[in-house]
Each structure stands twice: as structure tokens, then as C-alpha cells.
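Here's the letter readout for the chains.
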Amino acid sequence: MKVVKKFAVFYCLFRVALCSDIFSITLPESVESVRGLCVFIPCTFTIESQFDTDLQEDPKGIWRKDGTEHDHIVFDSKTPKKNKIKGKITGDLRMKDCTTIFNSVSEGDSGRYYFRIEAEELKYTYKTASVSINVTDSPPKPTLSLYRDQMEVQDRRLLEGSSVSLFCSAFSPCPTQPPTLLWSPLPTNNSQEQNQNTSFISSQLRFITTHLHHKLRINCTATYQLKNNVTKPTQRSAVLHVLYTPRIKSVSASPSGPVKLGSSVSLNCSSDGNPAVNYTWYRENGEQMETGPSLTITETNDTHSGLYYCRAQNQHGAQNSSVQLDIHYAPQVCLSSHCNSSSEGGVVCVCEVHGRPVPKLEWRLSGIPVPPSEDPSIREESVGSTGLRSFISIHQSLTDTPILQCVSTNKLVIATQLFNLASLGHKPSTVPYLILSALLLLCVAVIGFLLHKLKQLSGKTNAPNVEGDTYASLQLSAQNSDYETLQPNREKRVNEKKS
């Protein structure tokens, strides 16, 4: 039937004279409408040329339902109050336009309709062509189509950053009461455009996809305005599937905060990405630890402290994020801590401790804290990231106190190292020994000198004749000789001082 109608219209364009001599009508095969809305029937007709003058007088259009006889009349353009179906011929019958709108149709108005034209002697019912009106209780859902780069995307899968368009088309049976189209939710940075024809109204929504649009359900709602201000909405939805690189949401440790040495800790990584994300854990030195969203260390030691990186990756890219793991343990005093006697007669002690957090260190003499001062002097230096080394120099006057303590503390515990100063066996100074040695040498020299002089005096004295008086004569002679020698020297020194 459609082919015949199209052929007739085509033929009329080129054979006007022939077509003007026949009765024909152009109607859609069927039209749809919704209860409470109007129905639009596009319609044109031709007549025999002998009736052209009659058509210009006062023509009227008649619609008959489910038959062509007189008793099937449901609409007469000249008697609107008597019509079984309300409406209006909006076309100009003089121009052979029989386009008609029936208002507020119901399911009972469904059927096949035939058109009749009357004007003076012109009275003709078009029986060869008719239109079927189908009235439903609810409007059909709108249709949704997704396009990227002017190509329809059937599976709704899109790359992040794509420029896309959603088309929503809703049935509009009544051009005087078209439905309103509403998008929800609206993506950011969108634009909209609407178009309408005699049967449909459409809306186009344009936007750029982001990862936030993944699994987003976008609704197109068509709302129809019925009689008595009653509205009837219908809706169609489209769920977007956006492919995008991973975005790490969080990297955390459980338990959070510092971890006690020897306990268990789990590192967890969560991210958002499409398609599914693969996880890999690394140390800050590049060492790969584990794969999967979680890394568990069952028994921690001091080497586990540091940064841990979670790498989330899929076929579209990767992202890294880190978490700091702090293993806390009690202070430990190194075996290298010791005390030595100094060359100045005092004591120098060294105490080295390690712990996390880094311990604080204090020196105590017999339980009394030693404040920083010049005597005793205290100096500290860091040892790596977990250690502290302290030096203390104690004067000899303080070494009589037998007990020296090195006390280290952090948040966990206190550690103490004792030093027994009395057991050091202080080295005496070499200065007194040098002085004593010098005095002994001087005494030896004086004695040697005196012995030498006595020997010289004894060689100059003659031996006496009487043997019994030998010792007495030598003793006397020696005394006189010395006295005589020394006496002039003394007088000489006295005269020099007077002068």
C-alpha cells in the first residue's frame, strides 16, 4: 500500500493533468496516541477537476470510523458540538489539505478512520485509503542513543576524555502538547539542544567523559501533559562504562601509627580504576615486596622501618602512592660503650644507644643527673637515623664517685649502663717522678764531687814518722787545708757584696 501511495504522489508531480482527474488521498497507515492526549493525522487529497470550483465554496470534512456508511460519522467540521470525537481540521480544505487533530482521545477512539469531502455538488468518501488510530493508556518510553565521533556506541564503553553525545527521542503524538524532556543527573560542562517534528521531540546532551562518569546512570524523562493538569512521565536510562587509569584513594597501615618491634602489621592500598587494577608493593630502594592490595609483615624488626610504595596499574596507566612504616623499639646500649683514663688524670666515657624513636641520653653520677657544663663536659652526636653517641669528660676530683650511669629513654622504656670508675686504676702523673729523679741525680753528683776532693787532699799530705799518729795527723791536716782554702773564699765574697 505504501509503495502504491508513493508511486501515485511521484506520478502526480509529473502528470498534474492526469492526477487532477482522479480522487486520491494521502494518509499515514497508522498513528499512535496516548489516552488524554490529542492525535495528529496528516492528510492531503485530490479531486476531479470538474469539482475544483465547488471546493472553493464552503467545503466540510467528515471522518467516519470503522466504516464508510453514514451511520459511522464521528466527526463533522460543520457541527463540532454533535461530534462524538472532539477535534479540528487544521488544514485548509480549499487547498486540499485535510490534516486533522482529534483532542483528548481515549482507548475507545481506537479504530480505522475514513475521510469524506463535501462542497456543493462535491460529495466523495475515500474508501481506498484509511488511517488506523491506536490509543494506549501509557506513552512509550523514549529511546536513547550514545555517539562518539558521530559513531554510535552500542556497548556504552568509552575512554576517559572522550567527547560524546546522548540522543533522547520521545513520541509526540500531539504537536500542540509536546512532552518535556529532562536529563538527570547532568554531567559537568554539558550542552543541550532540542528538536521537534510532527511525531517526535528529541534532545541532545553533549559532554566530556571523566572517571566520575563510570557506572553513572543518566536518565531521560519525557513528561506528558494530559487534560485536567494531569502529567504522565516515562523514562529511559543509559549506564556509562568509562575506561580510565587507576586513581589511588588511600594507602594505610593497620594498626596505624608506630608499630612495636616483633608485632604484626598490614599495609593496605585501595584505588579506583577501570578495568580492574593490579597492585604491587615496593620498598623505597626499589625492592619488590608483594603483589595484591595488601602487604602483611607477621613479625617486624628494625629493618622494616621506611617508605613503602603501592603501585596501582591497569592497561590504561598507573599511579603510585606511599605509606611510612615506623618500627618502634626500646633503647639498646651498644657493647662499644666504655670509659678510659685520660692523660690529664680524669676519665673519658662514651655511651652509644640505638632505638626508635631516637632515645634521649642523660649522664648520672651516683644517681644525680649531670647537667651540661664545662666540667664535666658533655658532647653528643647522631649515629645514623636511630642512634645517639654521647661523650663525657670527668675531672680527677670527681672520679672519687665510684658509679657513673648512662641513662637512655624513649616512649617505650628506659635503658641504663653502669660504669665503675674505681676499677679503672688511675695512672699517676709523671711530673712528680721526673722531679724526684732529678733530685736523686743531683745528690749523686754532689757526693761524687766531695769524694773526689777528699781524694785530692789526701794525696798532697806527707805521712808522719810515728805510725800511731798517722790517722790523727791526716784528719787534722785535712781540716786545716779545707779551712784555709774556704776561709779566703768567704772573705772574698763578703768584700764583693760590700762593694
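Residues numbered from 1 in each chain as written. Predicted model: local features only at pLDDT ≥ 70, side-chain atom pairs only at ≥ 80, totals over all residues. Heavy atoms only, no water.

Caption draft 1: Inspection of the pairing of strand β9 (residues 111–119) at higher detail. Counting buried positions along β9 yields 8 of 9 residues, so the element is predominantly enclosed. Strand direction decides the pairing type here: β9 and strand β11 (residues 131–136), joined by 3 bridges, are antiparallel. Bridging from a neighbouring strand, tyrosine 113 pairs with valine 131 of β11. Bridge analysis of β9 against strand β10 (residues 122–125) gives 4 bridges, and the strand direction is antiparallel. What sits directly across from alanine 119, in β10, is leucine 122. Between β9 and β10, which pair antiparallel one after the other, the connecting turn spans 2 residues, and glutamate 120 there sits at a positive phi close to 55°. (Buried < 20%, exposed > 50% of the residue type's maximum accessible area, 1.4 Å probe, protein only. Helix = DSSP H or I, 4+ residues; strand = E, 2+ residues; numbered from the N terminus. Pairing = 2+ DSSP bridges.)

Caption draft 2: Fine view of the packing of aromatic side chains. Inspection of the entire model under this criterion finds 14 aromatic pairs. Their ring planes at 55° and their centres at 6.2 Å tell us that phenylalanine 45 and tyrosine 126 sit as a pair that is tilted. Taken together, the positions of phenylalanine 45 in strand β4 (residues 44–46) and tyrosine 126 in the loop between β10 and β11 put the pair 81 residues apart, joining distant regions of the chain. Both residues of the pair, phenylalanine 45 and tyrosine 126, belong to the buried class. Over the face of the ring belonging to phenylalanine 391 we find arginine 379, whose NZ or CZ atom lies 4.2 Å from the ring centre. (Phe/Tyr/Trp six-rings, centres within 6.5 Å; stacked < 30°, edge-to-face > 60°. Lys NZ or Arg CZ within 6 Å of the ring centre and 35° of its normal.)

Caption draft 3: Fine view of a nonpolar patch on the surface. Where nonpolar side chains cluster on the molecular surface, the patch consists of Leu442, Val446, Phe449 and Leu450 and spans about 400 Å² of accessible area. Relative to the helices and strands, leucine 450 resides in helix α4 (residues 431–460). (Patch = residues over 30% accessible without salt bridge, like charges linked within 9 Å, V, L, I, M, F, W, Y side chains within 5 Å. Areas by Shrake-Rupley, 256 points an atom, 1.4 Å probe, with all protein chains shown as cover. Salt bridge = Lys/Arg side-chain N within 4 Å of Asp/Glu carboxyl O.)

Caption draft 4: Layout of the state of the cysteines. Here the structure, examined in full by the defined rule, presents 6 disulfides. Covalent S-S linkage joins cysteine 168 and cysteine 220, the inter-sulfur distance amounting to 1.8 Å. Negative torsions about the S-S bond denote left-handed disulfides, and the value of about -85° found for cysteine 168 with cysteine 220 makes this one left-handed. Of this pair, cysteine 168 sits in strand β15 (residues 163–171) while cysteine 220 sits in strand β19 (residues 217–225), placing them 52 residues apart in sequence. Per residue, the accessibility class of cysteine 168 equals that of cysteine 220, and both read buried. (Disulfide = S-S within 2.5 Å.)

Caption draft 5: Highlighting the pattern of salt bridges. For the coordinates displayed, the defined rule picks out 15 salt bridges. Its salt-bridge partner being arginine 206, residue glutamate 193 comes within 3.1 Å of it at the nearest N-O pair. With a gap of 13 residues between them, glutamate 193 in strand β17 (residues 191–196) and arginine 206 in strand β18 (residues 200–208) connect regions that are remote in the sequence. Here glutamate 193 falls in the partly exposed class, since its relative accessible area comes to 34%. Glutamate 362 is the salt-bridge partner of arginine 364, the closest N and O atoms lying 2.8 Å from each other. Sharing partners across several salt bridges, the network here consists of Arg35, Glu107, Asp137 and Lys232.

Caption draft 6: Representation of the sheet that holds strand β25 (residues 288–291). As summarised here, the arrangement of the 4 strands in space is β25-β24-β27-β28, forming an open sheet in which the pairing is antiparallel. Looking at which strands have only one partner, the edges of the open sheet turn out to be β25 and β28 (317–325). Neighbour to neighbour, the strand axes of the sheet diverge by 25° on average, direction disregarded. (Axes fitted to C-alpha atoms, helices over the stretch in contact; angles between N-to-C directions.)

Caption draft 7: Expanded view of the nonpolar core. The biggest cluster of nonpolar side chains holds 30 residues, and the ones touching the most others in it are Ile25, Phe45, Trp63, Phe102 and Phe115. For this core, the elements supplying multiple residues, two or more each, are β3 (39–41), β6 (73–76), β9 and β11. Element by element, the count of residues in this core is highest for β9, at 4 residues. Residues contacting phenylalanine 115, with those up to four places away along its chain left out, are Ile25, Phe45, Gly61, Ile62, Trp63, Ile89, Leu93, Cys98, Tyr124, Thr125 and Tyr126. One finds Leu166, Leu205, Tyr224 and Leu226 within the second-largest nonpolar core, a separate group that totals 26 residues. (Core = buried A, V, L, I, M, F, W, Y, C linked by side-chain atoms within 4.5 Å. Contact = heavy atoms within 4.5 Å.)

Caption draft 8: Seen up close, the sheet that holds strand β26 (residues 294–297). Pairing in this open sheet of 4 strands is mixed, and the strands run β14-β21-β23-β26 from one edge to the other. The two strands at the open ends of the sheet, each matched to only one other strand, are β14 (157–159) and β26. For this sheet, the mean angle separating the axes of adjacent strands, direction not counted, is 30°. In this sheet, strand β23 (residues 265–274) lies alongside strand β21 (residues 241–254) in antiparallel orientation, the contact comprising 8 bridges. Paired with serine 254 across the bridge in β23 is serine 266.

Distances and angles like these do not, on their own, reveal function.
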